[in-house]
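# A look at the structure
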Protein chains: 2
Amino acid sequence: MSIDVSRTGSQRHVADIFNSAVAAWAIGAAWEVGALDELRQSGKLDAQEFAARHGLDGPSTEGLFRALAAVRVVERDGSTVTVAAAFDDVYRNRAFVHWLSRGSAELFRQMPSILRTENRTGRFYQRDAAAIAYACRELDALCYAPTFWAAMERARPTGLVVDLGCGSGGRLLDVLRRYPGTSGLGVDIARPSLDVAERDAAAAGLADRLRFVEGDVLRLEPRPEFAEVEVITCFMMGHDFWPRDRCLATLSRLREVFPAARRFILGDATRTSGIPDTELPVFTLGFELGHDLMGIRIPTIPEWQSVFAASQWRLLRTNRIEMTVGEVVFELA
Amino acid sequence: MSIDVSRTGSQRHVADIFNSAVAAWAIGAAWEVGALDELRQSGKLDAQEFAARHGLDGPSTEGLFRALAAVRVVERDGSTVTVAAAFDDVYRNRAFVHWLSRGSAELFRQMPSILRTENRTGRFYQRDAAAIAYACRELDALCYAPTFWAAMERARPTGLVVDLGCGSGGRLLDVLRRYPGTSGLGVDIARPSLDVAERDAAAAGLADRLRFVEGDVLRLEPRPEFAEVEVITCFMMGHDFWPRDRCLATLSRLREVFPAARRFILGDATRTSGIPDTELPVFTLGFELGHDLMGIRIPTIPEWQSVFAASQWRLLRTNRIEMTVGEVVFELA
């Protein structure tokens, strides 16, 4: 190149914005094709050998690692790729990046159209539900797992546990493994996730203790098996209960549909406040703008506490995690 | 927030990657809804007033400006939005960012699938042709215009000028305005772009001097009007002529299809080399990885010069622009 590409700091800054956007897609892809895990284990790999071993296109694979190198996740020397300064943090946060670049890209891409009030009716946005489920399994482990298990220890489940919005059923499998006396029931609106869940339950040898029901958590009807539920869990979907009136109605309906439930463990993101724009941590900006675009107003912790007070549920404990998007686990009875 | 969001520099770096990816979408959207131009003119705006005046959703519009503020394009104080340090460079480079975030997002999003050799057949990727055309009008003006007009001055067109890959016809309109004796012919594969082109030509009062033909530049057949063409222009599509054998065949066919052409002005990106991964300027990384993903190997300047030497065209002059993706304008006779 005959020009000085870093003419000014500000021109470098625009290039960094552009290259970071490319790198966000590369991070999601590098996770899915196994490159992040291999780099985590070995510290280095050969791009051409990696491409051949995984049946990947050579030039595209070199380009993938070049994108990671542009933001200092790796360094390249010929086709040798070595972990660099940002690798560990990117590895730990890859699910947030994947949520954005793989699961939610079409939502953000369509921003000019979605911004217009006249377009905000019907199915006015698209996301990739399978990709979001892929990221959410790791987000769940990263953000909620320790607090969830502490709450479960206090709940001491011995019978039937229902997981609302169970996705591919990972949480229920873990519950059944940890508490031998329990059985599980998963409810989700997405048939493809339930197909994965049933396959995984069979593979784990837990199919006899676990059932799945396709249904909308916001519109559940009583069923015989629901009457036996002892503990309700619900993670990363509570914000869909809102606005307030619908949230109150949903909490009331859950009380009726699960009359024997003695504990309800509800974990979700809540709206943050007061973070300066230039200090927003990973995830917050994308999560909150994404939900604004979808027309879903994420509630605050006080807003949740106020609906619990007005419902038949009694708030036992508020566990604030607040890792990045105001994560919290409520324990209700 | 109860945690220190900038715990370590590296954690801040991951957040910057994430927030830059969100901001890339916000920059494309802010351009399309008119916010960048209004900020350029006035230096500030009120987000709520702007949303109301343009019929935009309030919370989403606030979120859009928050995303711009996260990467220092603007600053926010309540709903007052003011240009910040990176504004001018982002404004000047907005078409590159838009090419990536609006036009090419689905290509990059599908990277895990597109990387696999077994998936790389048929129509294995998608882009938004209309969005790419939107960005390319400005990219053309930004990257090629001065060099193009200097080459046209040397060509001194007096008769029929054909623009191959004319898109929505902006270049031909400009040519006809600048050279009153000329007439124009636009060839493009995309019917929607030609519809825009015909409408714009009529609105400009130039419809009687301008015609458009739907056709694939790589497979043109002779037509009576082609026989009269005096000057050929072709911008930002020459890389589609490649690989080498196809490029030679295309150059030969253009010689036959336009027998009276005495000048061929060909402007395009070429493959860069030797830029360190962490110093890649805006566009290069996305443009080159995007074409690798699509299976299009961008040629180098020496590769072009070698096919010209083997063709019936004589290279008069190589104008190296090399702003960001090795832009060059060849003048052929």
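The preceding data block contains the structure.
On a predicted model such as this, the values are computed, not experimentally measured, just so you know. (Residues numbered from 1 in each chain as written. Chains lettered and ligands numbered in written order. Predicted model: local features only at pLDDT ≥ 70, side-chain atom pairs only at ≥ 80, totals over all residues. Heavy atoms only, no water.)

Right, let's talk about the relation of the copies chain B and chain A for a bit. Relating the two copies of this chain is a rotation about some axis coupled with a shift parallel to it. Overlay of chain B on chain A (RMSD 0.0 Å): rotation 180°, translation along the axis 0.0 Å. Read as a symmetry element, the transformation amounts to a two-fold axis. The rotation axis passes nearest to the C-alpha of Ala21(B) in chain B, at a distance of 2.0 Å. Looking at the interface residues of chain B, 99% of them are also at the interface in chain A, so both copies use one shared face. (Least-squares fit on C-alpha atoms with pLDDT ≥ 70 in both. Contact = heavy atoms within 4.5 Å.)

Residue and element names in this part refer to chain A. Burial runs high along strand 4 (residues 160-164): 5 of the 5 residues are buried. Going residue by residue along strand 4, you find Leu160, Val162 and Leu164 tucked away on one face and Val161 and Asp163 tucked away on the opposite face as well. With 5 bridges joining them, strand 4 and strand 5 (residues 183-188) adopt parallel strand pairing. Across the sheet, residue valine 161 finds its bridge partner in strand 5, namely glycine 184. Following the chain from strand 4 across helix 11 (residues 170-178) to the adjacent parallel strand 5, one finds a crossover that is right-handed. (Buried < 20%, exposed > 50% of the residue type's maximum accessible area, 1.4 Å probe, protein only. Helix = DSSP H or I, 4+ residues; strand = E, 2+ residues; numbered from the N terminus. Pairing = 2+ DSSP bridges. Right-handed = clockwise from strand over helix to strand, strands pointing away.)

Turning next to the interface of chain B and chain A. The partner chain A presents 83 residues to the 84 residues of chain B that form the contact. The largest contributions to the chain B side of the interface with chain A come from Phe18(B), Trp25(B) and Arg109(B), which together make up 11% of the buried area. On inspection of chain B and its partner chain A, the count reaches 8 salt bridges. For Asp57(A), the salt bridge goes to Arg120(B), with nearest N and O atoms at 3.5 Å. Those elements that provide at least two residues to the side of chain B that touches chain A are helix 1 (9-32), helix 4 (58-70), helix 5 (87-92), helix 6 (94-103), helix 7 (105-109), helix 8 (111-114) and helix 14 (284-293) of chain B. It is helix 1 of chain B that contributes the most residues to the side of chain B that touches chain A, 18 residues altogether. Split by residue class, the side of chain B that touches chain A holds 42 nonpolar, 22 polar and 20 charged. (Buried area = accessible area lost by both parts, 1.4 Å probe. Salt bridge = Lys/Arg side-chain N within 4 Å of Asp/Glu carboxyl O. Nonpolar A, V, L, I, M, F, W, Y, C, P; charged D, E, K, R; others polar.)

Turning our attention to the packing of helix 3 (residues 47-54) of chain A against helix 4 (residues 58-70) of chain A. All names here are of chain A. It is at 9 Å that the axes of helix 3 and helix 4 come closest, and there the two elements cross at 125°. Classed by the angle they form, the pair helix 3 and helix 4 counts as oblique. Viewed along their axes, helix 3 and helix 4 form a crossing whose handedness is right-handed. Mapping the contact onto sequence places Ala47, Gln48, Phe50 and Ala51 in helix 3 and Gly58, Thr61, Glu62 and Phe65 in helix 4. Here the contact of helix 3 with helix 4 is composed, by residue class, of 4 nonpolar, 3 polar and 1 charged. (Axes fitted to C-alpha atoms, helices over the stretch in contact; angles between N-to-C directions. Parallel < 35°, antiparallel > 145°, perpendicular 65-115°, else oblique. Left-handed = near helix turned anticlockwise from the far one by under 90°.)

So, on to the environment of Ile301(A). Within the fold, Ile301(A) resides in helix 15 (residues 301-309). Considering only alpha carbons, one finds Ile301(A) and Thr272(A), 29 residues apart in sequence, at a separation of 9.1 Å.

The next thing to look at is the sheet that holds strand 2 (residues 74-77) of chain A. In a beta sheet, neighbouring strands pair by backbone hydrogen bonds and run either parallel or antiparallel. Residue and element names in this part refer to chain A. The 3 strands are arranged 1-3-2 in an open sheet whose pairing can be described as antiparallel. Looking along the sheet, the strands with just one partner apiece sit at the ends: strand 1 (44-46) and strand 2. In this sheet, adjacent strand axes meet at a mean angle of 20° when their direction is disregarded. Both strand 2 and strand 3 (residues 80-83) contribute to a ladder of 4 bridges, which runs antiparallel. Bridge pairing links arginine 76 to valine 81 in strand 3. The sheet strands contacting helix 2 (residues 35-42) are strand 1, strand 2 and strand 3, and the helix crosses strand 1 at an angle near 125°. Here helix 4 sits on the sheet in contact with strand 1, strand 2 and strand 3, set at roughly 125° to strand 2.

Moving on: the sheet that holds strand 4 (residues 160-164) of chain B. Residue and element names in this part refer to chain B. Spatially, 6-5-4-7-8-10-9 is the arrangement adopted by the 7 strands of the open sheet, whose pairing is mixed. Two strands close off the open sheet at either side, each with one partner strand: strand 6 (210-214) and strand 9 (315-320). Each strand of the sheet is rotated relative to its neighbour by a mean of 15°, with strand direction disregarded. Across 5 bridges, strand 8 (residues 263-268) lies against strand 10 (residues 328-332) in antiparallel orientation. Each residue of the ladder has a partner; that of leucine 266, found in strand 10, is phenylalanine 330. Helix 11 (residues 170-178) contacts strand 4, strand 5 (183-188), strand 6 and strand 7 (229-235) of the sheet and is inclined by roughly 170° relative to strand 5. Docked against the sheet, helix 15 (residues 301-309) engages strand 8, strand 9 and strand 10, running at close to 10° with respect to strand 10.

With that settled, the discussion passes to unusual backbone geometry. Here Trp242(A) and Pro243(A) are connected by a cis peptide whose omega angle stands at 15°. Within the secondary structure, Pro243(A) sits in the loop between strand 7 (229-235) and helix 13 (244-257). Within the chain, Arg156(B) stands out as a residue other than glycine whose phi angle is a positive 45°. Notably, Glu322(B) is not glycine yet its phi reads approximately 50°, a positive angle. Looking at the secondary structure, you find Glu322(B) in the loop between strand 9 and strand 10. Here Glu322(B) falls in the buried class, since its relative accessible area comes to 12%.

Residues and elements named next belong to chain B. With 7 of 7 residues buried, strand 7 lies mostly within the body of the structure. As paired elements, strand 4 and strand 7 share 5 bridges and run parallel to each other. Residue pairing for strand 7: leucine 160 is matched across the bridge by valine 229. The parallel pair strand 7 and strand 8 is bridged by helix 13 (residues 244-257), and the resulting crossover is right-handed.

It is worth stressing that arrangement in space is one thing and function is another; only the former is reported here.
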